[in-house]
Amino acid sequence: MLKNFRKKGRALAVTASALALSGCLALALAGCSAPAANDGEGADAPAAEQQQGQQDQQAAADTITFTDDLGRTVELPAQIDKICPSGFTAQQVLLTIAPDKLVGLAQELNEDQLKIFGDKFASYPVFGAVLGATDNLNREAVAAAAPQVIIDTGEAKKGAEEDLNNLQKQLGIPVVFIEAKLSDYGAAYSRLGELLGMEERGNELAQYCTDAYNTTETVMAGIPENERVRMAYLLGENGLNAIAKTSFQGAVMDMVADNVVVVDDVSGKGNGNEVSLEQIALWNPDLIIFQTGSIYDTVGDNPAWAGIAAIDNDSYYQVPNDPWCWMNNPPTVNQLMGMQWLPRLLYPDKFDDSIADVTRAYYSTMYNYDLSDDELNELIKDAVPRS
């Protein structure tokens, strides 16, 4: 659809130029052309005005209309070279497909992230985020950076259409929404490739995401619910926060395991639900994954955790956190790595490739970064079965 709009834009430009030229010739034949002037300035004025008019017509022709995933129709430049993320999840997505088009960041990158994406981003302006739990977007800074479009990604939320329309009106900059969810990141990348005129890269990422999801789905279809590993995902300084079953943050775990964390009031926040050690003991998971920054390093020697099957059997691991947490925080394309890592940890005999294999492929395809052997080993050292 976008290609058709581009063709129409070029056709309009050609037609406008032809009309302008015809009008000029008609005036000349009628004897209405400007008389020669004694000073060169007067003679050039009509030509300059005509050239400006043609440029204005061309600029008007070089636009398209794009219907985003909320059904909003937005007018955009046909060629987009400057983009701005709406927030943290959009930043992660855009860094995978169009890092060179970004004019700023929603959140600054740490040293590990800069190593993957490039030191140039250390000097990029940081705008903050809009439409999330806290709206701290620096609208003046965004306007000064003059992006051609602001891109929001994720799952459609109630009121999103009104929020995007208001932001667009405030800034005078087009805003578009692209739906991006675990079950269909392929569609998101196809749409982004279309929007940004990067169809080849968009299709590459779309195919990778689709294949990865389908592989996991196929394997899990062969493992009955009652045979899936009973597990918990714990975080927090004391390991007493948990990602609950059916939560937005727990999509990967719910897809491939039996999440034992069943609570009445499910939190969708990144820090999950607060739980007690007594409750964890009652759930008694057979396997636990800890988020980086929790108690992974000390839990095995902590007598308070003795008696919990996962700890007693040395079946606990730490979720890699580079460049972002593989499971969530925030839940976006980083989950695609978690979706490939976790089932290979739980059911290694069901796959033809290893955790190391899919990690290399993910970083190479999604980030255009080839991990060295040392980097790979350091990345997954706490995320693979112990020898």
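As the structure is a computational prediction, the values presented were derived from the model and not from experiment.

1. Comments concerning helix α3 (residues 88–97)
A large share of α3 lies buried, amounting to eight of its ten residues. Where α3 is concerned, the buried positions are A90, Q91, Q92, V93, L94, L95, T96 and I97.

2. Notes on the pairing of strand β6 (residues 230–235)
Burial runs high along β6: five of the six residues are buried. In terms of strand pairing, β6 meets strand β8 (residues 258–259) through two bridges, oriented parallel. Considered in β8, the bridge of M231 is made with N259. Pairing of β6 with strand β10 (residues 287–291) involves four bridges; the strand directions are parallel. From the neighbouring strand, M231 faces β10, where its bridge partner is L287. Both β6 and strand β7 (residues 241–242) contribute to a ladder of two bridges, which runs antiparallel. Across the sheet, the residue bridging to L235 is N241, located in β7. Here β6 hands over to β7 after five residues, with G236 in that stretch at a positive phi of 95 degrees.

Criteria and cut-off values
Residues numbered from 1 in each chain as written. Predicted model: local features only at pLDDT ≥ 70, side-chain atom pairs only at ≥ 80, totals over all residues. Heavy atoms only, no water. Buried < 20%, exposed > 50% of the residue type's maximum accessible area, 1.4 Å probe, protein only. Helix = DSSP H or I, 4+ residues; strand = E, 2+ residues; numbered from the N terminus. Pairing = 2+ DSSP bridges.

Purely geometric numbers; function is a separate question.
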